[in-house]
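Letter by letter, the chains look like this.
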Amino acid sequence: MLSLTLEDFMVELNDGSIKNVGPANKSATVKMFDVESAEAREFGDKRVKLVFEDEDGSEVQVSLFPEDVRKLASDIETLEEESPAFD
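Keep in mind that this is a model prediction, so the values were computed, not measured.

Engineer: So what exactly am I meant to see when it comes to the overall build of the protein here?
Structural biologist: When you go through the protein residue by residue, the secondary structure sums to one helix and seven strands. Along the first, second and third principal axes, the C-alpha atoms of the protein reach 55 × 30 × 25 Å. Per-residue burial for the protein yields a buried fraction of 9% across its 87 residues. Long-range contacts, defined here as pairs at least 24 residues apart, represent 22% of the contacts in the protein between residues at least 6 apart. As presented, the protein carries roughly 7,200 Å² of accessible surface, and 50% of it is formed by carbon and sulfur atoms. Mean positive and mean negative side-chain charge positions of the protein (9 and 22 charges, respectively) differ by 10 Å.

Spelled out as structure tokens, the structure:
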């Protein structure tokens, strides 16, 4: 399941083209539950892309720099050691 929340979001649809309308203060929150697959792959020369897909085919891609991936891996290792989620 993919949940998408958009804040202060307005676009103009004109002859099949989408155009930003209003100030550039837009923000979004995306949450994905029931992930069916997850993978990591190279993205350009300096980043790693994490790709998550649910059973409905919805996909979320996140591009991170190596130091952020290392921090995330460290956080997961800590959870594996300390959290009942991994029991």
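Engineer: Help me understand the side chain of K49, please; the structure alone is not making it clear to me.
Structural biologist: Mapped onto the fold, K49 is located in strand β6 (residues 47-54). Among buried Asp, Glu, Lys and Arg side chains, K49 stands out as unpaired, with E59 the closest opposite charge at 7.2 Å. A distance of 3.0 Å separates the side chain of K49 from the side chain of Q61, its partner in a polar contact. Residues within four places of K49 in sequence aside, it is in contact with E39, A40, R41, F43, Q61, V62 and S63.

Cut-offs applied
Residues numbered from 1 in each chain as written. Predicted model: local features only at pLDDT ≥ 70, side-chain atom pairs only at ≥ 80, totals over all residues. Heavy atoms only, no water. Helix = DSSP H or I, 4+ residues; strand = E, 2+ residues; numbered from the N terminus. Buried < 20%, exposed > 50% of the residue type's maximum accessible area, 1.4 Å probe, protein only. Contact = heavy atoms within 4.5 Å. Areas by Shrake-Rupley, 256 points an atom, 1.4 Å probe, with all protein chains shown as cover. Lys, Arg positive; Asp, Glu negative; His and termini not counted. Charge placed at Lys NZ, Arg CZ, Asp CG, Glu CD. Salt bridge = Lys/Arg side-chain N within 4 Å of Asp/Glu carboxyl O. Polar contact = N/O pair within 3.5 Å; in protein donor to acceptor, adjacent residues only side chain to side chain.

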